[in-house]
Amino acid sequence: MAATRHDHRRCVSNALGAAALLCRRRGARLTSLRAGVLEIVWRGHAPIGAYAILERLRREHGQAAPPTVYRALDFLLAQGLIHRIESMNAFIGCPRPAEAHGGQFLLCTLCGTAAELADKRVEAALTTATARAGFRVEARVVELRGLCRVCTAAEARHAG
Ligand SMILES: [Zn+2]
Ligand SMILES: [Zn+2]
Ligand SMILES: [Zn+2]
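(A) Focus on the coordination of the zinc ion (ligand 2). Summarising the metal site, the zinc ion (ligand 2) is bound by the protein donors His 83 (NE2), Cys 94 (SG), His 101 (NE2), Glu 116 (OE) and Glu 116 (OE), whose distances to it range over 2.0 to 2.6 Å. Positions of the donor residues of the zinc ion (ligand 2) along the chain correspond to the pattern H-x10-C-x6-H-x14-E. Overall, the relative accessible area of 3% leaves Cys 94 in the buried class.

(B) Broad picture of the coordination of the zinc ion (ligand 3). The zinc ion (ligand 3) binds to the protein through Cys 108 (SG), Cys 111 (SG), Cys 148 (SG) and Cys 151 (SG), with metal-donor distances spanning 2.3 Å. Considering all 4 donor atoms around the zinc ion (ligand 3), the spread of angles at the metal, 104 to 114°, places the coordination shape in the tetrahedral class. Positions of the donor residues of the zinc ion (ligand 3) along the chain correspond to the pattern C-x2-C-x36-C-x2-C. Separated by 37 residues along the polypeptide, Cys 111 in the loop between β4 (104–108) and β5 (114–117) and Cys 148 in the loop between β6 (142–146) and α6 (149–159) bring together distant segments of the chain.

(C) The arrangement of helix α3 (residues 50–61) in detail. Here α3 spans 16 Å end to end across 12 residues, near enough to the 16 Å set by a 1.5 Å rise per residue. Residues of α3 that are buried: Ala 50, Ile 53, Leu 54 and Leu 57. Seen from one end, α3 has its buried residues packed into an arc of 100°, which puts them on one side. For α3, exposure combined with an orientation more than 90 degrees from the buried face picks out Tyr 51 and Arg 59.

(D) Spatial organisation of the packing of helix α1 (residues 8–26) against helix α2 (residues 32–41). Running from N to C, α1 and α2 cross one another at 150°; their axes reach a closest spacing of 10 Å. The pairing of α1 with α2 is recorded here as roughly antiparallel in orientation. As α1 runs across α2, the sense of the crossing is right-handed. Only Ala 35, Leu 38 and Glu 39 of α2 make contact with α1, whose side of the interface consists of Val 12, Ala 15, Leu 16 and Ala 19.

(E) Local environment of the sheet that holds β5. On the basis of which strands lie adjacent, the open sheet formed by 3 strands has the order β5-β4-β6 and mixed pairing. The open sheet terminates on both sides in strands that have one partner only, identified here as β5 and β6. Across this sheet, the average inter-strand angle for adjacent strands is 25°, counted without regard to direction. The sheet contact formed by β4 and β6 spans 5 bridges and is parallel. Directly across from Leu 107, in β6, lies its bridge partner Arg 145.

(F) Representation of the sheet that holds strand β3 (residues 90–93). Read across the open sheet, the 3 strands follow the order β1-β3-β2; overall the sheet is antiparallel. A strand with exactly one partner marks an edge of an open sheet, and here the two such strands are β1 (48–49) and β2 (82–85). As judged from the 2 bridges shared by β1 and β3, these two strands associate in the antiparallel manner. The residue of β3 that forms the bridge with Ile 48 is Phe 91. Running at roughly 90° to β3, α2 makes contact with β1, β2 and β3 of the sheet.

Conventions and cut-offs
Residues numbered from 1 in each chain as written. Chains lettered and ligands numbered in written order. Predicted model: local features only at pLDDT ≥ 70, side-chain atom pairs only at ≥ 80, totals over all residues. Heavy atoms only, no water. Donors = N, O, S within 2.8 Å, 3.2 Å for Na, K, Ca; no water. Buried < 20%, exposed > 50% of the residue type's maximum accessible area, 1.4 Å probe, protein only. Tetrahedral: all angles 85-135°; square planar, octahedral: opposite > 155°, others 65-115°. Helix = DSSP H or I, 4+ residues; strand = E, 2+ residues; numbered from the N terminus. Expected span 1.5 Å × (residues − 1). Arc of directions from axis to C-beta. Axes fitted to C-alpha atoms, helices over the stretch in contact; angles between N-to-C directions. Parallel < 35°, antiparallel > 145°, perpendicular 65-115°, else oblique. Left-handed = near helix turned anticlockwise from the far one by under 90°. Contact = heavy atoms within 4.5 Å. Pairing = 2+ DSSP bridges.

All quantities given are derived from atomic positions and should not be read as evidence of function.
Quick look at the structure:
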């Protein structure tokens, strides 16, 4: 769960609203299953694995076959509504799905949250550097591991 105190229901409703709007504009079909998977991914700010998503889907919506869930995840990834955190083999909702971007993540090793940075300068620097190296990028997700602001503060209180 998110360590920072905030009204998470708003994160969820914003994300689901933006997804519906974006899909309508693109002519992509956000079926109830796809929306259900997106809602499960958005339950927290910690990345969630496909298996955990499947478990929740089964518990709440009855039957759900693994291929269905994988297809829904592929759809959400293709629409930029979620990102895959490769190192954890897990998924996280994207707060800015309308803008094309790779994603830069601050992964907290203590509370498990993943905060997304969307620094255009980092994106631009990567584009330039990879082009210079003659490298064709297929996945561009930057993952940084460490302690989030809240956990850092908690640790400082502990030490002091
Ligand atoms: Zn939230
Ligand atoms: Zn994003
Ligand atoms: Zn943390």
